[in-house]
Amino acid sequence: MKKVVVVGNGMVGYKFCEKLRSKASSDKIELVVFGEEPIPAYDRVHLSEYFSERSSEKLSMAPKNWYMENDVTLHTGELVTSIDRENKKVITHHGHEELYDKLVLATGSSALVPPITGVDKAGVFVYRTIEDLDNIISYGKNVKSAAVLGGGLLGLEAGKALMDMGLETHIIEFAPKLMPRQLDDHGSATLRQTLESLGLQIHLNKNTKEIRGNGKLERLAFNDGGNLEVDMLVISCGIVPRDEMATTCGLNTGPRGGVIVDNQLLTNDPDIYAIGEVALYNNMIYGLVAPGYDMADVVVNQLADGGKKEFKGCDMSTKLKLIGVDVGSFGDALGETPEAKTIVFEDEQQGIYKRINLSADGKRLLGGILVGDASQYNMLWQIMDNELALPPAPEELILASRGDAGSDALGPLPDSAQVCSCENITKGDIVNAIKEGNLENVGQVKSCTKAGTGCGACSPMVADILNDTLKSMGKVVRKVLCEHFDYTRQELYDLIKIKNIKSYEDLLNTYGSGDGCEICKPAVASLMASIWNDLVTKQDTIQDTNDRYLANIQKGGSYSVVPRVPGGEITPDKLIVLGEVAKKYNLYSKITGGQRIDLFGAALEDLPKIWEELIDAGFESGHAYGKALRTVKSCVGSTWCRFGLHDSVSFAVEVENRYRGLRAPHKLKGAVSGCRRECAEAQSKDFGIIATELGWNLYVCGNGGANPQHAQLLAGDIDSETCIKYLDRFLIYYIRTAEPLNRTATWLNKMEGGLNHLKSVVIDDTLGICDELESDMQYMVDTYKCEWKEVVNDPKLRSKFSHFINSETGDPTQKFEEIRGQKIPAAW
Amino acid sequence: MDKKYQLPGNNFQKDLRMNIGEELINYETVSLEEVNTWFKVASIEDFPENGGACAVYRGLQIAIFNFSRRNEWYATQNLCPHKQQMILARGIIGSQKNEPKVACPYHKKAFSLKSGKNLNGNECDLATYPVKVESGYVYVGFKE
């Protein structure tokens, strides 16, 4: 048995372990890894996501137990300080010694910190590890402005993160252009223009002379005599290979750092390899992850299979989204090949710049640059990499819009074409996996082939290949409801409406098959409620339990009760009634996020009695149990508030009463704020209305929840009447066209054309359906009835609220405990 | 204070409903041949169409399903094995490739109404009981 020790647990170090274990189990090769960071390897490529997610787990390459399950001994937080080549062992800062047969250096790199006076002052950071990010986040909380030193890939990423923290952000670049390695002057200027329009301040040709300030950074002084007052500096000027212990043990290193390796990634010691950003191959450090993975692959091939794979250098092509701007650079991007011919497309208005470089004979694609629209990146890269023949008019490659060109261009792609460069997955690998594994969605393809799990740039192409393959297999890619209905939700909406179908059984008999299920029954119930507004309990057994019993089921089988409190405005008398009812039926009481009162722990058989009392006191159902309008939250508005511009409470009450009971593909929440201080948090709702000097701003398609998303401005400075009109149209359009259980934000995200399309439909009426949308809504408003009132007054409907069919008692197994003087259900 | 409303006591176990059926129940599948007691539950009209209702027999809670669309009746334990909740009678019924099933309202764990097998996970199977309908009444079979 061989023993392999890996120094470094970064992305490449981890990938080496993963690849090695897929080839050789622990009875063949013992594997020991040292990582100096306290947590196992994480994804540094997507480091900026840490600013929004704040979760190192999301970035993790594999959890700690992966190492255990795969018999990899991982020492985190342990730095290897020296290598004893004679005795073939490494020594860590704890004095721990580990013998090896083969040693793999995957120590990576650290941030290059230029020798500027004052670089040690507080407020100066590098951008490299999660620890760096934690420091930046905590320092950033107390400052207003920040600068990034370096306008390369990483620097711009860091700039985006700082901007997201709400800081005034500057980018300082020594060269006369951004991303000097990847972009030409024009591409760089286009990128600069777009970034500046987004609020990033960019300073080119700036040589930073000194970092000034009393103890902490206060301003930067440049060689040209200029100054920039700024509170924080993030350095991102490049990388330095971590080769210090290689140097001290006599391994050959380059004059500017990096352990020199041959095409087998061997150093001058035949038992020591170097891979990733510490390896200097052919006078080059590869600062990207894909070449690092390739290197890991080459070493694994030698160690596990005794193979003779060679590293042949690697393409430095890259595609990424910088602050929402697509940037791609591939092959010979700058057209440095002798006699290369160039085709350029530029659209200043939209901030798009595209350039492709052709061989002298015009037959081969050498490389290119895409700024502002990189949708053709994969297609172009494939044409270059596979040396495909160019079409007679190659300019069309960068003129064609995505969609029509994308797929067509993929057709002739050979199966050997590499799609995912991080994992080295070919088109053939993906097509085979889809066919053999009967895969049907991108998630399955990713987990099965690993394609798209590295940098993610190839994801759109993986999706295209999936769709093409499914089509070639004769599978139709359509989001049908379930096995019982071969229709989408929108198609069923139209069928129910046009064919005037009022019951689930009729629909199933006419357009479905089988006996239905827990997916199609509630979906159809919701559609019928949205179209006919009939009492849902008439078809009680197709409803989810909440809609069946008009209450929210909770742990233990009891239900909670939420009466409507429009706009969150409630009289003391009504508050007293809620308190009295809660006491009488022994209900746990809590204020909800939507400015209402939730009464928990009601027994099924008590629900009609509870509601009878609430209705007598003037309450109505709050539909908290339904995929329906919940609340329209409000701030107190101009009646009381010294800042208020309009009466937000009155408007919220009006809007909530208009849409009460409206059933939709998912729950709907709204809010009205009386001024731009936004105390009602309207921008986090499906629809949010904010008072302006001139009227209201209407925002749509926001939500909180697992993936919070701000609502977007649909129309500004409109009067109340227009606001209601747009809301009517917007809501019915959503109800008609969304997939089941998609909230408005998800619906908009999937909508082709996005907000612009939505505006064109509900404001400009480009589909000519606005009259219909408004009359549909008016029908819903006119036919509204309180569901609970209907049930309470109908003995037959009331009798359904019983736990047993053959006993009057409630469920004897329900158990409660106590917390802070109220009851809670026993834990499950 | 108005005496009509009862203050919640400190010990909620005093709740009237807590006095019956305290012990945990063991469900066990009964096959048609094993039945020696047919328990008369209720009249057919008392059951919802294409849905379930819960019956109690000597403290045992049984979910009975009137699958009228298929003209079939099924009975299973009312307890969902996933989180030990007395709930299955309130679940939506349907079919999966013609296998009749019920989905638990809590987390949509689905079980075959015929075999009791969990169809979408590794939950324990349900105990099932024979059902017969005679002169308008529904009976569930037990072995004593």
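As the structure is a computational prediction, the values presented were derived from the model and not from experiment.

## A look at the sheet that holds strand β13 (residues 208-212) of chain A
All names here are of chain A.
Link 1 in the chain: What the 3 strands build is an open sheet, ordered β13-β14-β15; its pairing is antiparallel. Each edge of the open sheet is held by one strand with a lone partner, namely β13 and β15 (227-229). Neighbour-to-neighbour, the strand axes of this sheet turn through a mean angle of 20 degrees, independent of strand direction.
Link 2 in the chain: Here 3 bridges tie strand β14 (residues 219-222) to β15, and the two strands are oriented antiparallel to one another. Each residue of the ladder has a partner; that of A221, found in β15, is N227.

## Notes on the packing of helix α23 (residues 720-737) of chain A against helix α26 (residues 770-782) of chain A
Residues and elements named next belong to chain A.
Link 1 in the chain: Direction vectors running N to C along α23 and α26 enclose 90 degrees, while the axes themselves pass 8 Å from each other. Taken together, the axis directions place α23 and α26 in an arrangement best described as roughly perpendicular. In this structure, α23 uses K725, D728, R729, L731, I732, Y733 and R736 to contact α26, whose residues at the interface are C770, E772, L773, E774, D776 and M777.
Link 2 in the chain: Looking at the contact of α23 with α26, its residues break down into 6 nonpolar, no polar and 7 charged.

## Some points on the sheet that holds strand β36 (residues 696-700) of chain A
Residue and element names in this part refer to chain A.
Link 1 in the chain: The sheet built from 5 strands is open, its strands ordered β33-β34-β35-β36-β37 with mixed pairing. What marks the edges here is a single partner per strand, and that holds for β33 (629-634) and β37 (712-718). Pairwise comparison of adjacent strand axes, ignoring direction, gives a mean angle of 15 degrees for this sheet.
Link 2 in the chain: Pairing geometry for β33 and strand β34 (residues 668-673), over 4 bridges, is parallel. For L629, the partnering residue across the bridge sits in β34 and is L668.
Link 3 in the chain: Of the strands in this sheet, β33, β34, β35 (687-691) and β36 touch helix α22 (residues 648-659), which is tilted by about 175 degrees from β33.

## Quick word on the side chain of D728 of chain A
Link 1 in the chain: Inspection of the secondary structure assignment puts D728 of chain A in helix α23.
Link 2 in the chain: Setting aside chain neighbours within four positions, we find D728 of chain A in contact with R658, Y659 and M777 of chain A.

## Quick word on the environment of L797 of chain A
All names here are of chain A.
Link 1 in the chain: Assignment of secondary structure puts L797 in helix α28 (residues 795-798).
Link 2 in the chain: Since its relative accessible area comes to 11%, L797 is described here as buried.
Link 3 in the chain: Residue contacts for L797: discarding those within four places in its chain leaves L535, T537, E790 and V791.

## Structural notes on the pattern of salt bridges
Link 1 in the chain: Scanning the entire structure with this criterion turns up 52 salt bridges over all chains.
Link 2 in the chain: With its nearest N and O atoms 3.2 Å apart, the salt bridge here joins D515 of chain A to R69 of chain B. In this pair, D515 of chain A sits in the loop between α17 (504-511) and α18 (520-532) while R69 of chain B sits in the loop between β3 (60-67) and β4 (72-77), so the two residues belong to two different chains.
Link 3 in the chain: We note a salt bridge from E772 of chain A to R736 of chain A, for which the minimum N-O separation is 2.6 Å. With E772 of chain A in helix α26 and R736 of chain A in helix α23, this residue pair connects regions lying 36 residues apart in the sequence.

## Brief notes about the nonpolar core
All names here are of chain A.
Link 1 in the chain: Ranked by internal contacts, the top residues of the largest apolar core, which has 92 residues, are F16, L105 and I275.
Link 2 in the chain: Top contributing element to this core by residue count: helix α9 (residues 289-305), with 9 residues.
Link 3 in the chain: The next biggest cluster of nonpolar side chains, apart from the first, holds 64 residues, and it includes F485, I542, F687 and I689.

## Side note on the environment of G594 of chain A
Residues and elements named next belong to chain A.
Link 1 in the chain: Tracing the sequence through the fold places G594 in the loop between β31 (588-591) and β32 (597-602).
Link 2 in the chain: We classify G594 as buried; its relative accessible area is 15%.
Link 3 in the chain: Sequence separation of G594 and A624 is 30 residues, and the distance between their C-alpha atoms is 10.0 Å.

## With respect to helix α16 (residues 489-498) of chain A
Link 1 in the chain: Looking at α16 of chain A, one finds that the buried residues are R489, L492, Y493, L495 and I496 of chain A.
Link 2 in the chain: Phi turns positive one or two residues past the end of α16 of chain A, at N500 of chain A, with a value near 55 degrees.

## Here's the deal with the packing of α16 of chain A against α23 of chain A
Residue and element names in this part refer to chain A.
Link 1 in the chain: Two elements in contact, α16 and α23, have axes whose closest approach is 7 Å; the angle formed by their N-to-C orientations is 105 degrees. Put simply, α16 runs roughly perpendicular to α23. Between α16 and α23, the contacting residues are R489, Q490, Y493 and K497 on the first element and I735, R736 and T737 on the second.
Link 2 in the chain: Across the contact of α16 with α23, the residue classes tally to 2 nonpolar, 2 polar and 3 charged.

Reading the values: rules and limits
Residues numbered from 1 in each chain as written. Chains lettered and ligands numbered in written order. Predicted model: local features only at pLDDT ≥ 70, side-chain atom pairs only at ≥ 80, totals over all residues. Heavy atoms only, no water. Pairing = 2+ DSSP bridges. Helix = DSSP H or I, 4+ residues; strand = E, 2+ residues; numbered from the N terminus. Axes fitted to C-alpha atoms, helices over the stretch in contact; angles between N-to-C directions. Parallel < 35°, antiparallel > 145°, perpendicular 65-115°, else oblique. Contact = heavy atoms within 4.5 Å. Nonpolar A, V, L, I, M, F, W, Y, C, P; charged D, E, K, R; others polar. Buried < 20%, exposed > 50% of the residue type's maximum accessible area, 1.4 Å probe, protein only. Salt bridge = Lys/Arg side-chain N within 4 Å of Asp/Glu carboxyl O. Core = buried A, V, L, I, M, F, W, Y, C linked by side-chain atoms within 4.5 Å.

What is shown is where atoms sit, not what they do.
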